[in-house]
Amino acid sequence: MKKTLVVTTSLLAVVALLAFGAWVYMKTAMYGFSARAEPSRVEAMLAGYARETAMPASARAMKNPIAFTPAVHQEAMAHFADHCAVCHANNGSGDTMFGKGLYPKPPDLRLARTQNMTDGELFYILENGIRMSGMPAFGGGDSTDDSWKLVYFIRHLPQLSAAEETQMESMNPKTSEESEEDKAEEQFLNGGAPSAPTTTINHMKGHSK
Ligand code: HEC
């Protein structure tokens, strides 16, 4: 008699738990899957903690092996404009169409959250990406030099000048429509002569151009 009572109570408890789970799931399915939302503080905290724990201590301590030169700066700036600005914006603010539609959103790279990371941490993120976020991994192949150069550029973002930002605009990937317009303009300037084939960057090749 007592045994049946225990079994019945346990069964009822399981059913109640399942029903509660289903209710939470439905609630989330109805309201919670939009990437337009901002992660809650608890979610951001847990994700931040998971990221910190997952990063090997050896990565944190890595030093930039590339010597900084104006040419390295130029190269990294062009690279950022081409591969990163679509989400992060040329100035690193993250205020872009793609950036605003991601969950979590790209943070403002000029602020303490990013700038307080070590060079090694930044490098590790560029090479490995951030799981369950829009931040892609750019590592693999011969990407390491490119990533270290980008680390310098991320450090420079808080001091980016207006002139540099303008320069970057001409380095941003173009839509096919813009390329067509450019071609037409070039043809016009050449007096209608067919233009030389324009070089296009193959974005599928990934990090290193
Ligand atoms: C498709 C969009 C996208 C592209 C392209 C992209 N990122 Fe990100 N990035 C993100 C998102 C989203 C995050 C935030 C992830 C998070 O909060 O966990 C992020 C995070 C970062 C961070 C960590 C900042 C922090 O404070 O947590 C760095 C550094 C970074 N990106 C640099 C770059 C660089 C450099 C490139 C180009 C080589 C790049 N990203 C390309 C979306 C992108």
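Within the protein, the iron atom of the ligand binds to H88 (NE2) and M135 (SD); these donor distances fall in the range 2.0 to 2.2 Å. Between the six donor atoms coordinating the iron atom of the ligand, the angles at the centre fall across 87 to 179°, so the site counts as octahedral. One end of the pair, H88, is in helix α5 (residues 85-88); the other, M135, is in the loop between α8 (119-128) and α9 (144-156), and 47 residues separate them in sequence.

What follows covers the site of the ligand. Among the 27 residues in the neighbourhood of the ligand, the closest are listed as C84, C87, H88, T114 and M135. R113 places a polar side-chain atom, nitrogen or oxygen, 2.8 Å from an oxygen atom of the ligand. At 2.7 Å from an oxygen atom of the ligand is found a side-chain nitrogen or oxygen belonging to T114. Given that more than half its atoms are within 2 Å of the pocket grid, the ligand belongs to the largest pocket. Of all the elements in the fold, those that place two or more residues in the shell around the ligand are α4 (70-83), α5, α7 (112-115), α8 and α9. In terms of residue class, the shell around the ligand is built from 19 nonpolar, five polar and three charged.

Time to look at a nonpolar patch on the surface. Together, F20, W23 and V24 line one region of the surface with nonpolar side chains, adding up to about 320 Å² of accessible area. Looking at the secondary structure, you find V24 in helix α1 (residues 2-32).

Quick look at the packing of α8 against α9 now. Taken N-terminus to C-terminus, the directions of α8 and α9 make an angle of 125°; their axes are 9 Å apart at the nearest point. As judged from the angle between their axes, α8 and α9 are oblique. Of the two elements, α8 crosses α9, and the hand of that crossing is right-handed. Together, D119, G120, L122, F123, L126 and E127 of α8 and T144, S147, W148, L150, V151, I154 and R155 of α9 make up the contact between the two elements. Residues of the contact of α8 with α9, tallied by class, amount to seven nonpolar, three polar and three charged.

Take the packing of aromatic side chains next. Enumeration according to the criterion identifies four aromatic pairs in this entry. Measuring from centroid to centroid gives 5.3 Å for F80 and F153, while their planes differ by 45°, and the two rings are tilted. Of this pair, F80 sits in helix α4 while F153 sits in helix α9, and the two are 73 residues apart along the sequence. Look at F80 and you get buried, because its relative accessible area is 2%. On the basis of relative accessible area, F153 is assigned to the buried category, the value being 1%. A ring pair is formed by F123 and W148, whose centres lie 4.1 Å apart and whose planes are at 5°; its orientation type is stacked.

With that settled, the discussion passes to helix α11 (residues 176-189). Because each turn of an α-helix spans 3.6 residues, side chains separated by three or four positions in sequence point in the same direction. In a regular helix each residue adds 1.5 Å, so 14 residues correspond to 20 Å; α11 covers 20 Å between its end C-alpha atoms and thus fits that length. Just downstream of α11, G191 is the residue with a positive phi angle, here 70°.

Residues F80, L126, V151, F153, L157 and M168 are the most contacted members of the largest nonpolar core, which totals 25 residues. Contributions of two or more residues to this core are made by α4, α8 and α9. Discounting residues that sit within four places of it in the chain, F80 has contacts with A85, H88, A89, N90, L109, L150, F153, L157 and M168.

Size it by volume and the largest pocket reaches roughly 1400 Å³. Residue lining of the largest pocket: 44 residues in total, with R51, P104, R113, I130 and S133 positioned closest to the centre. Of all the elements in the fold, those that place two or more residues in the lining of the largest pocket are α2 (41-54), α4, α5, α7, α8 and α9. Counted by class, the lining of the largest pocket contains 28 nonpolar, eight polar and eight charged residues.

Conventions used here
Residues numbered from 1 in each chain as written. Predicted model: local features only at pLDDT ≥ 70, side-chain atom pairs only at ≥ 80, totals over all residues. Heavy atoms only, no water. Donors = N, O, S within 2.8 Å, 3.2 Å for Na, K, Ca; no water. Tetrahedral: all angles 85-135°; square planar, octahedral: opposite > 155°, others 65-115°. Helix = DSSP H or I, 4+ residues; strand = E, 2+ residues; numbered from the N terminus. Near = heavy atom within 4 Å. Polar contact = N/O pair within 3.5 Å; in protein donor to acceptor, adjacent residues only side chain to side chain. 1 Å grid on protein atoms, 1.4 Å probe; cavity = no way out; pocket = protein on both sides within 12 Å on 5 of 7 lines; lining within 4 Å. Sits in = over half its atoms within 2 Å of the grid points. Nonpolar A, V, L, I, M, F, W, Y, C, P; charged D, E, K, R; others polar. Patch = residues over 30% accessible without salt bridge, like charges linked within 9 Å, V, L, I, M, F, W, Y side chains within 5 Å. Areas by Shrake-Rupley, 256 points an atom, 1.4 Å probe, with all protein chains shown as cover. Salt bridge = Lys/Arg side-chain N within 4 Å of Asp/Glu carboxyl O. Axes fitted to C-alpha atoms, helices over the stretch in contact; angles between N-to-C directions. Parallel < 35°, antiparallel > 145°, perpendicular 65-115°, else oblique. Left-handed = near helix turned anticlockwise from the far one by under 90°. Contact = heavy atoms within 4.5 Å. Phe/Tyr/Trp six-rings, centres within 6.5 Å; stacked < 30°, edge-to-face > 60°. Buried < 20%, exposed > 50% of the residue type's maximum accessible area, 1.4 Å probe, protein only. Expected span 1.5 Å × (residues − 1). Core = buried A, V, L, I, M, F, W, Y, C linked by side-chain atoms within 4.5 Å. Points joined across faces, edges and corners; volume = space filled by probe spheres on them.

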